[in-house]
Amino acid sequence: MENLSGKMRVLFLLLKALRPFWKEALLSVLLGTAAVASGIGLMGTSAYLISVAALRPGIETLQVAIVGVRFLGLSRGVWRYLERLVTHSVNFRLLTELRIRYYSALEKLAPARLVGTSGGELLNQAIADVEVLENFYVRLIAPAVIAGLVTMGVVWFTGTFSPWIGLIITGGLILAGVGLPVLLYLSGRSVGESIASMRETISRRLVETIQGLGEWITYGKHEELKLELFSQFHTYDRGQEKRASILASGSALSLLIQYGTAWLVLGLGIDHVRSGQMGGVFIAVIYLVALTAFEAIQPLQQGAAFLGEAWASARRLFSLMAEKTEARVPGVPAAISADSDCRLK
């Protein structure tokens, strides 16, 4: 099992690869935070508007809330669109940069270092392993920062009504945003690594099959080959099903934590209204704010389930890119050295 220092090194290299795009990454985080905050504000403002309107006040009393609902309803879609646009732009540029550096490393390592390495393995690393790293930024790094910022804002807002309400929401968000992802990662780590390994095996086998298909047919081994490939694809599908089952269980637990937290906030809010510590029109506000705040941490749970596969893919990529060897071609005295330039800068 890979030790903690090895995983921290992989994490450091992934973050280092993101450094050239830090401005766009920061913009995507700000836009994502604005989108989630707009959704939370929309629900809270709508609840306040309905609660106050039930008391039949003058229309001037409702004007600010009406304008707020209109603005938040429209801006939420705008922020979300811009956030997706910038996030995927950063992600695709990051994957492009990783592929360029991977190919540069291959050029310096070839041919001696790649002896014994099949084309299927290299193809899987260049395409599938790099694509898996999409989950690292889209489902882990950016959502983690957004979740932290939104959590602080929600806790501050609800804490103005009652410190206990803020504490309950803090506990629920930490449990769903930290505890549950850790549980999903531990549950899905072996499955993710198995999926990554099986995907590499299938890719290598398919390339070998295509290259030697004539020989397989000539010697009458094509049926045996077909059964072998079907067995490998079945094993790969079973791994995908296991991960889907882990994600489904995580979603169920997340909903349980989300609604449990909201009901606790509702119960405490009712007690505060009865004791005169809070106005009755704010009960629906704090309930819906507590309920929608969990939108910020939901991507973390999916990212945690894919983290094992991402670690395995990143480890294979960086181990090859960091290789250092002298690859000599017969008859050519010059050495092609894969030095530290292969490493991520």
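Residues numbered from 1 in each chain as written. Predicted model: local features only at pLDDT ≥ 70, side-chain atom pairs only at ≥ 80, totals over all residues. Heavy atoms only, no water.

## What to know about the layout of surface pockets
Reasoning step 1: For the largest pocket, the calculated volume is near 430 Å³.
Reasoning step 2: Lining the largest pocket are 21 residues, with Ala 144, Gly 177, Val 178, Pro 181 and Leu 300 positioned closest to its centre.
Reasoning step 3: Secondary structure elements with two or more residues in the lining of the largest pocket: helix H5 (134–159), helix H6 (163–211) and helix H10 (298–321).
Reasoning step 4: Considering every element that reaches the lining of the largest pocket, the biggest residue donor is H6, with eight residues.
Reasoning step 5: Among the residues forming the lining of the largest pocket, the class breakdown is 17 nonpolar, four polar and no charged.
Reasoning step 6: Space inside the second largest pocket adds up to approximately 330 Å³.
Reasoning step 7: Lining of the second largest pocket is provided by 18 residues; of these, Arg 80, Arg 84, Val 138, Pro 143 and Pro 299 occupy positions nearest its centre. (1 Å grid on protein atoms, 1.4 Å probe; cavity = no way out; pocket = protein on both sides within 12 Å on 5 of 7 lines; lining within 4 Å. Points joined across faces, edges and corners; volume = space filled by probe spheres on them. Helix = DSSP H or I, 4+ residues; strand = E, 2+ residues; numbered from the N terminus. Nonpolar A, V, L, I, M, F, W, Y, C, P; charged D, E, K, R; others polar.)

## Side note on the pattern of salt bridges
Reasoning step 1: Under the defined criterion, the tally for this structure stands at five salt bridges.
Reasoning step 2: In this structure, the salt-bridge partner of Arg 76 is Glu 295, at a minimum N-O distance of 3.6 Å. In this pair, Arg 76 sits in helix H3 (residues 59–109) while Glu 295 sits in the loop between helix H9 (283–292) and H10, placing the two residues 219 residues apart along the sequence.
Reasoning step 3: A residue is classified by how much of its surface remains accessible, and Arg 76, at 34% relative accessible area, is partly exposed.
Reasoning step 4: The class of Glu 295 is partly exposed, set by a relative accessible area of 23%.
Reasoning step 5: Arg 84 is the partner of Glu 83 in a salt bridge, and the nearest nitrogen-oxygen pair spans 3.8 Å.
Reasoning step 6: The exposure class of Glu 83 is buried, given its relative accessible area of 5%.
Reasoning step 7: Via salt bridges that share partners, Arg 76, Arg 80, Glu 83, Arg 84 and Glu 295 belong to a single interconnected network. (Salt bridge = Lys/Arg side-chain N within 4 Å of Asp/Glu carboxyl O. Buried < 20%, exposed > 50% of the residue type's maximum accessible area, 1.4 Å probe, protein only.)

## Things to note about the packing of helix H2 (residues 22–53) against H9
Reasoning step 1: Relative to each other, H2 and H9 sit at 160°, their axes nearing to 8 Å. Considering their axes alone, H2 and H9 lie roughly antiparallel with respect to each other. Between H2 and H9 lies a crossing whose hand is right-handed. In this structure, H2 contributes Ile 40, Met 43, Gly 44, Ala 47, Tyr 48 and Ser 51 to the contact, and H9 contributes Ala 284, Val 285, Leu 288, Val 289 and Thr 292.
Reasoning step 2: Classifying every residue of the contact of H2 with H9 by side-chain character gives eight nonpolar, three polar and no charged. (Axes fitted to C-alpha atoms, helices over the stretch in contact; angles between N-to-C directions. Parallel < 35°, antiparallel > 145°, perpendicular 65-115°, else oblique. Left-handed = near helix turned anticlockwise from the far one by under 90°. Contact = heavy atoms within 4.5 Å.)

## Here we look at H9
Reasoning step 1: Within H9, nine of the ten residues are buried, which leaves it mostly tucked inside the rest of the structure.
Reasoning step 2: Buried residues of H9: Ile 283, Val 285, Ile 286, Tyr 287, Leu 288, Val 289, Ala 290, Leu 291 and Thr 292, and no others.

## What to know about the environment of Leu 180
Reasoning step 1: By the secondary structure assignment, Leu 180 is in helix H6.
Reasoning step 2: Look at Leu 180 and you get buried, because its relative accessible area is 4%.
Reasoning step 3: For the pair Leu 180 and Leu 253, spaced 73 residues apart in sequence, the C-alpha separation works out to 7.9 Å.
Reasoning step 4: Beyond its immediate chain neighbours, meaning those up to four positions away, Leu 180 contacts Leu 175, Gly 250, Leu 253, Ser 254 and Gln 301.

## Describing the confidence of the model for the chain
In low-pLDDT segments, the atomic positions of the prediction should not be examined closely.
Reasoning step 1: In the predicted model, the chain carries a mean pLDDT of 79, and the fraction of residues at 70 or more is 83%.
Reasoning step 2: At the level of individual helices and strands, the chain shows its lowest average pLDDT in strand E2 (residues 336–337), which scores 39, and its highest in H9, which scores 91.
Reasoning step 3: Low pLDDT, under 50, characterises residues 325–345; the predicted model gives this stretch 49 contacts beyond four residues in sequence or across chains. (pLDDT = per-residue confidence, 0-100.)

## With respect to the packing of aromatic side chains
Reasoning step 1: In the structure shown here, the tally under the stated rule is four aromatic pairs.
Reasoning step 2: Between Tyr 48 and Phe 282 the ring centres are 5.9 Å apart and the planes differ by 25°, which places this aromatic pair in the stacked class. With a gap of 234 residues between them, Tyr 48 in helix H2 and Phe 282 in the loop between helix H8 (222–274) and H9 connect regions that are remote in the sequence.
Reasoning step 3: Residue class for Tyr 48 comes out partly exposed when judged on its relative accessible area of 30%.
Reasoning step 4: Ring centres 6.3 Å apart and planes at 70° place the aromatic pair Trp 263 and Tyr 287 in the edge-to-face group. Here Tyr 287 lies in helix H9 and Trp 263 lies in helix H8, a separation of 24 residues in the sequence.
Reasoning step 5: When its relative accessible area of 17% is taken as the criterion, Tyr 287 is described as buried.
Reasoning step 6: Following the ring pairs from residue to residue traces out a cluster consisting of Tyr 48, Phe 157, Phe 161 and Phe 282. (Phe/Tyr/Trp six-rings, centres within 6.5 Å; stacked < 30°, edge-to-face > 60°.)

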